[in-house]
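# Descriptive analysis of the structure
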Amino acid sequence: MPFDPPTRLRPPMQPVTRRWLGRLALAACAAPALAQPIQPLDGGPLRIVVGYPPGGATDRVARIVGDKLASKLGIAVIVENKPGAGGRLAAQQAKATPAGQNVLMLANPAVMVVAPLVFKDNGYDAERDFVPVAHVNDYEFGLAVSTAVPVKELSHLLAWMRANPNQANVGVPATGSLPHFFALMLGDKAKVRTEVIGYKGSAPAITDLIGGQLPMAVDTFDVLVPQHEAGKLRVLAVSGAKRSAFAPDVPTFKEAGLDLAALGWNTFFAPASMPPEKATRLAGAIHEVMQDPDTQRKFTDTRMQPVVSTQAQTAAMLKAYRAQWAPVVQKSGYQP
């Protein structure tokens, strides 16, 4: 049988002639021009205002995005922590920024959805004083129990709560936080009494949960999963529509028998005083940053779900989220 030579992967070499060199020169002239240098954003450094101390989830998001954003904008990016009043002080500061300065606020639903519903005077109007720029990550909530509580499934916990109403206290990292209202939503859906205990942060709540002083707690999933993996507490359900990749052994609330789902998020906002074209450029730069595989890896490494969203999609998300949570907060009758 005659031998069939392999298909050539490259064309044969051409002899070096004047005609060949001329074609090479023409091709070089037709090649795309080098990328144009970045036009730095005017107005000086970009400040990202965060309403919480360094080290928390919102602060980590600001620093991951901020590090990448500097090269996209050609200016320095500074994360400025302004803790206090559940993030409302940061909103007041960002709102008051002069139009010529570059500032973004990274905020969660507690600042931009819950606070406007429960505080008579925030010092800012979440819808009038801010423009949504970029939704960058989602996070789930988890319901965890102390290993001292003799249950391993959500249905068993609900039965235990009904049988022990005086012990059925649910810890949350702060009163008026989204975990607080999720705990109330949980009790309402399950038709069980829930006495919510507000702590000053996640750390003391988790300490009491591990120590057995607290039977159960609702917190963000990234806080609960490391302790769940270590066997120091048990997470019975996660609030997402599907199981979390960070703890695939934990069922959703729906899988566990309760029709309940909710997410939190972190979103960048610009003060309404910022020129629209500048807000649009910032939105585009953040969109590029969030498409970067390295950025996405850094989010997942800290058990947070990255989101790639346009400015229009961010505005639509925010509108839908407010419609979902306003009835929950108002029905709770919560008063700060």
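Refer to the preceding data block for the structure.
Below, the structure is looked at part by part. (Residues numbered from 1 in each chain as written. Predicted model: local features only at pLDDT ≥ 70, side-chain atom pairs only at ≥ 80, totals over all residues. Heavy atoms only, no water.)

With eight of 10 residues buried, helix α4 (residues 109-118) lies mostly within the body of the structure. Here α4 has its buried residues at P109, A110, V111, M112, V113, V114, A115 and V118. (Buried < 20%, exposed > 50% of the residue type's maximum accessible area, 1.4 Å probe, protein only. Helix = DSSP H or I, 4+ residues; strand = E, 2+ residues; numbered from the N terminus.)

Strand order in the open sheet formed by five strands is β7-β6-β8-β5-β9, and the pairing between neighbours is mixed. The open sheet has two edge strands with one neighbour each: β7 (195-198) and β9 (233-238). Pairs of neighbouring strands in the sheet enclose a mean axial angle of 30°, with direction left out of account. As paired elements, strand β6 (residues 169-172) and β7 share four bridges and run parallel to each other. Opposite V172, over in β7, you have G198 as the bridge partner. Running over the sheet, helix α8 (residues 221-229) touches β5 (141-146), β8 (216-220) and β9 and is turned about 135° from β9. (Pairing = 2+ DSSP bridges. Axes fitted to C-alpha atoms, helices over the stretch in contact; angles between N-to-C directions. Contact = heavy atoms within 4.5 Å.)

Before going further, it helps to examine α8. Looking at α8, one finds that the buried residues are F221, D222, L224, V225 and H228. For α8, the buried positions fall inside an angular range of 160° around the axis, keeping them on one side. If you follow the buried residues of α8, they end up packed against α2 (57-73), β5, α7 (202-211), β8 and β9. Count one or two residues on from α8 and you reach G231, which has phi positive near 80°. (Arc of directions from axis to C-beta.)

Turning our attention to the nonpolar core. Grouped together as the largest cluster of nonpolar side chains are 52 residues, with contacts concentrated most on M112, L157, F182, M216, F253 and W325. A total of seven residues in this core trace back to one element, the largest contributor, which is helix α6 (residues 178-190). Not counting residues within four places of it along the chain, the set of residues in contact with F253 comprises L143, L154, F182, L186, A237, V238, S239, L258 and L260. In this structure, V50, V79, A279 and M290 belong to the second largest nonpolar core, which totals 30 residues. (Core = buried A, V, L, I, M, F, W, Y, C linked by side-chain atoms within 4.5 Å.)

Before going further, it helps to examine the packing of aromatic side chains. According to the stated counting rule, one finds eight aromatic pairs in the structure shown. A centroid spacing of 5.4 Å and a plane angle of 75° characterise the contact between W265 and Y321, whose relative ring orientation is edge-to-face. Here W265, found in strand β10 (residues 264-271), pairs with Y321, found in helix α11 (residues 311-332); they are 56 residues apart in sequence, far enough to count as distant. Owing to a relative accessible area of 1%, W265 belongs among the buried residues under this scheme. Each member of the aromatic cluster is reached from another via a ring pair, and the members are Y139, F141, F182 and F253. For R88, the ring lying beneath its charged end belongs to F119, and the centroid distance is 3.7 Å. (Phe/Tyr/Trp six-rings, centres within 6.5 Å; stacked < 30°, edge-to-face > 60°. Lys NZ or Arg CZ within 6 Å of the ring centre and 35° of its normal.)

On to the environment of Y52. Tracing the backbone shows Y52 in the loop between β1 (46-50) and α2. For Y52, a relative accessible area of 22% corresponds to the partly exposed category. The spacing of Y52 and L89 is 37 residues in sequence and 9.7 Å in space, taken between C-alpha atoms. In contact with Y52, other than residues within four places in its own chain, are T58, N81, K82, P83, G86, G87, N108, A110 and V111. A polar contact is formed between the side chain of Y52 and the backbone oxygen of G86, at a distance of 3.3 Å. (Polar contact = N/O pair within 3.5 Å; in protein donor to acceptor, adjacent residues only side chain to side chain.)

No statement about biological role is implied by the geometric values presented.
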